Amino acid sequence: MTALNIYTDTLIHQDYESAYQITSPSFRAAISYSALVDEQVKLTERFGRLKSAKQSDWDIDSIYNAKAASIKVNFQFERGCMAYEFKLCKEDGIWRVLSYKEPTGLK
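Residues numbered from 1 in each chain as written. Predicted model: local features only at pLDDT ≥ 70, side-chain atom pairs only at ≥ 80, totals over all residues. Heavy atoms only, no water.

Caption draft 1: Representation of the overall build of the chain within the structure. On a plain count of helices and strands, the chain comes out with four helices and four strands. Relative to its 107 residues, the chain shows a buried fraction of 34%. Total accessible area on the chain stands at roughly 6,600 Å², and carbon and sulfur atoms take up 51% of it. (Helix = DSSP H or I, 4+ residues; strand = E, 2+ residues; numbered from the N terminus. Buried < 20%, exposed > 50% of the residue type's maximum accessible area, 1.4 Å probe, protein only. Areas by Shrake-Rupley, 256 points an atom, 1.4 Å probe, with all protein chains shown as cover.)

In structure tokens:
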């Protein structure tokens, strides 16, 4: 929960470089920094500035001694909200964002 709070706080403060750097190496291998920034700019143009992020529905799992978590997050913008499902993983004792997407069926 704390790792995701830190990540969403960096997005709220539009500190996209820090947000990108604290994600999992697998996240950074799959998504470029510019793609992350482009997505955030598009969301801001559509909904206004990100104001808050509320977490719900946590699911923590251990697979082959690795830890993984799924957390639903509701982003509240100036002019609307968006729901996302985040996947986190524990790497070298540190929880990091691995991926996120809009939950199926909410578009």
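After presenting the structure, the write-up continues.
Caption draft 2: Focus on the environment of C89. Assignment of secondary structure puts C89 in strand β3 (residues 80–91). Judged by its relative accessible area of 10%, C89 is buried. Here the alpha-carbon distance between C89 and D61, two residues 28 residues apart in the chain, equals 9.6 Å. Beyond its immediate stretch of four places on either side in the chain, C89 contacts S24, K67, A68, I94, W95, R96 and L98. (Contact = heavy atoms within 4.5 Å.)

Caption draft 3: Representation of the side chain of Q55 in the model. Along the polypeptide, Q55 turns up in strand β1 (residues 50–63). A polar contact is formed between the side chain of Q55 and the side chain of N5, at a distance of 2.8 Å. (Polar contact = N/O pair within 3.5 Å; in protein donor to acceptor, adjacent residues only side chain to side chain.)

Caption draft 4: View of the pattern of salt bridges. Taken as a whole and judged by the stated rule, the model has two salt bridges. Here E85 makes a salt bridge to K87, at a shortest N to O gap of 3.3 Å. For E85, a relative accessible area of 18% corresponds to the buried category. Linking R96 and E91 is a salt bridge whose minimum nitrogen-to-oxygen distance equals 3.9 Å. Overall, the relative accessible area of 22% leaves E91 in the partly exposed class. (Salt bridge = Lys/Arg side-chain N within 4 Å of Asp/Glu carboxyl O.)

Caption draft 5: Here's a closer look at helix α4 (residues 33–47). Under the 1.5 Å per step criterion, the end-to-end length of α4 is 21 Å for 15 residues, consistent within 8% with the ideal 21 Å. Trailing α4 by a residue or two, G48 shows a phi angle of about 90°, which is positive. (Expected span 1.5 Å × (residues − 1).)

Caption draft 6: Representation of the pairing of strand β4 (residues 94–101). When β3 meets β4, the two strands line up antiparallel, connected through seven bridges. When the sheet's bridge partners are listed, L88 is paired in β4 with V97. (Pairing = 2+ DSSP bridges.)

Caption draft 7: Summary view of empty space enclosed by the protein. By the definition in use, this model includes one cavity of 30 Å³ or more. Looking at the largest cavity, the residues that line it are L11, Q14, Y16, Q40, L43, T44, R49, L50 and F77. It is α4 that provides the largest number of residues to the lining of the largest cavity, a total of three residues. Tallied by class, the residues present in the lining of the largest cavity amount to five nonpolar, three polar and one charged. (1 Å grid on protein atoms, 1.4 Å probe; cavity = no way out; pocket = protein on both sides within 12 Å on 5 of 7 lines; lining within 4 Å. Points joined across faces, edges and corners; volume = space filled by probe spheres on them. Nonpolar A, V, L, I, M, F, W, Y, C, P; charged D, E, K, R; others polar.)

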